[in-house]
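Summary of the model geometry
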Amino acid sequence: AAPAPSAVSATGSVLRALGASSAIGAPQALTDGRLDTSWAENRGGSGRGEFIVMSAPEALPITAFDLVVSVPGTAVDPSAVPRELWIATRRELVHVTLPDEAKSAAGARFRVALPKPVHTDCVALVQESAFVERPDSRVAVSELSVASEFENADDIVIERKPVHVGFGAGIHRC
């Protein structure tokens, strides 16, 4: 079953998009809590290296990031779906590889669980690769939100899909 288009966790709206290296439309669409909007890079091809920077409340212990990579109820163009992404904070760098179903499951939410809670005031989402690369591709992400140990488990039940996560060296500037 696909998640409801309006289902956003209570803590999910705490990220605030500040700007992007390139964008089709407003970068703020990535963190607006609406699954019918998205941030898309405007470089083309795989969009490699394109990024969006967000603020976060440093006091909030982030335990996971939730990604919705395509707008629910739409036909999915695999050239617009990220295959690999990086999520960077001031001290952590997380490599994310989405499963093959991401290229066909419009509106599916994917959870990137962290091994321990992260406190940060800055988060960046960096595009690495797409499922299909074409010169006219515009790789997009519909929504990025966070989960916290403060999240009430009774609020919303959403089917979440696991993703492959790798951890890299620390980041000192956001």
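In this report, the structure presented in the accompanying data block is examined.

Here is what the cut-offs are and how they apply
Residues numbered from 1 in each chain as written. Predicted model: local features only at pLDDT ≥ 70, side-chain atom pairs only at ≥ 80, totals over all residues. Heavy atoms only, no water. Helix = DSSP H or I, 4+ residues; strand = E, 2+ residues; numbered from the N terminus. Buried < 20%, exposed > 50% of the residue type's maximum accessible area, 1.4 Å probe, protein only. Contact = heavy atoms within 4.5 Å. Areas by Shrake-Rupley, 256 points an atom, 1.4 Å probe, with all protein chains shown as cover. Salt bridge = Lys/Arg side-chain N within 4 Å of Asp/Glu carboxyl O. Polar contact = N/O pair within 3.5 Å; in protein donor to acceptor, adjacent residues only side chain to side chain.

1. Considerations on the overall build of the chain
Each helix and strand in the chain was counted, giving 0 helices and 12 strands. In the chain, the order of α-helices and β-strands from amino to carboxyl end is β-β-β-β-β-β-β-β-β-β-β-β. Counting every position in the chain, which comprises 174 residues, the buried fraction comes to 48%. The contacts of the chain with a sequence gap of at least 6 include a subset with a gap of at least 24, amounting to 83%. Accessible surface, the chain as shown: approximately 7900 Å² in total, 53% of it carbon and sulfur.

2. A word on the pattern of salt bridges
Evaluated as defined, the whole model comprises 8 salt bridges. The partner of R34 in a salt bridge is D36, and the shortest N-O contact between them spans 2.9 Å. Relative accessible area serves as the criterion here: at 43%, R34 is assigned to the partly exposed category. With a shortest N-O distance of 3.9 Å, E50 and R43 are connected by a salt bridge.

3. Examining the side chain of E50
Relative to the elements of secondary structure, E50 occurs in the loop between β2 (39-40) and β3 (51-55). Residue E50 is classed as buried on the basis of its relative accessible area of 10%. At 2.4 Å, the side chain of E50 and the side chain of S22 are in polar contact. Beyond its immediate sequence surroundings of up to four residues, E50 is in contact with S21, S22, W39, E41, R43, L125, V126 and Q127.

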